[in-house]
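Here are the chains, one letter per residue:
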Amino acid sequence: IELYWRSFELARDVDDKIPHVEALTELYLRTNRFPQLVDRLEIVSREANKSREGTLWMAAAHQAAGEVGCSVDHTRASSSARSRSPSRKANLVRA
């Protein structure tokens, strides 16, 4: 499992990390540790200050696990968080 995490860390962007999340999901499901995967994804996204990416990774994990409802919830949370945060353009206009 740690080799898969290393591959995840070495991937360059969100889209490159999704296949690694899907592979990790299968491994965690086999060992009945899926909640630990979600916890670790949350920690990684928080430490990297990448909440949007973390939401997408968790959505991919839930989708790979067959939990489509949770996947949709995570995706909606990501889009609503983006809409609540002020845009960069708005910040530049105020400055």
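That block above? That's the structure.
Residues numbered from 1 in each chain as written. Predicted model: local features only at pLDDT ≥ 70, side-chain atom pairs only at ≥ 80, totals over all residues. Heavy atoms only, no water.

Asker: Break down the packing of helix 1 (residues 2-10) against helix 3 (residues 34-47) for me, citing the residues and quoting the values.
Answerer: Relative orientation of the contacting elements helix 1 and helix 3 amounts to 30 degrees, with a least axis distance of 13 Å. If you check the angle between helix 1 and helix 3, you find them roughly parallel. Crossing hand, helix 1 versus helix 3: right-handed. Where helix 1 approaches helix 3, its residues Glu-2, Trp-5, Phe-8 and Glu-9 are matched on the opposing element by Leu-37, Arg-40, Leu-41 and Val-44. Taken together, the residues that form the contact of helix 1 with helix 3 break down as five nonpolar, no polar and three charged. (Axes fitted to C-alpha atoms, helices over the stretch in contact; angles between N-to-C directions. Helix = DSSP H or I, 4+ residues; strand = E, 2+ residues; numbered from the N terminus. Parallel < 35°, antiparallel > 145°, perpendicular 65-115°, else oblique. Left-handed = near helix turned anticlockwise from the far one by under 90°. Contact = heavy atoms within 4.5 Å. Nonpolar A, V, L, I, M, F, W, Y, C, P; charged D, E, K, R; others polar.)

Asker: Describe the packing of helix 1 against helix 2 (residues 14-30), with residues and values.
Answerer: The description of two helices packed together rests on the angle between their axes and the distance between the axes. At a minimum axis distance of 9 Å, the contact between helix 1 and helix 2 shows a crossing angle of 165 degrees. The orientation of helix 1 with respect to helix 2, classified from their angle, is roughly antiparallel. As helix 1 runs across helix 2, the sense of the crossing is left-handed. Where helix 1 abuts helix 2, its residues Tyr-4, Trp-5, Ser-7, Phe-8 and Glu-9 lie against Lys-17, His-20, Val-21, Ala-23, Leu-24, Leu-27 and Tyr-28. Broken down by class, the residue content of the contact of helix 1 with helix 2 amounts to eight nonpolar, two polar and two charged.

Asker: Can you lay out the packing of aromatic side chains for me, pointing to particular residues and giving the numbers?
Answerer: Going through the model one piece at a time under the given rule, you end up with two aromatic pairs. The interplanar angle of 80 degrees and the centroid separation of 5.4 Å between the aromatic rings of Trp-5 and Phe-8 together place this pair among those described as edge-to-face. Remark: Phe-8 and Trp-5 occur in helix 1; sequence separation between them is three residues, near one turn of the helix. The burial state of Trp-5 is the same as that of Phe-8; both residues are buried. The interplanar angle of 80 degrees and the centroid separation of 5.0 Å between the aromatic rings of Phe-8 and Trp-57 together place this pair among those described as edge-to-face. Pair noted here: Phe-8 is in helix 1 and Trp-57 is in helix 4 (residues 51-64), with a separation of 49 residues, a long-range link. With relative accessibility at 3%, the residue Trp-57 sits in the buried group. Through a chain of ring-to-ring contacts, three or more aromatic side chains come together here, namely Trp-5, Phe-8 and Trp-57. (Phe/Tyr/Trp six-rings, centres within 6.5 Å; stacked < 30°, edge-to-face > 60°. Buried < 20%, exposed > 50% of the residue type's maximum accessible area, 1.4 Å probe, protein only.)

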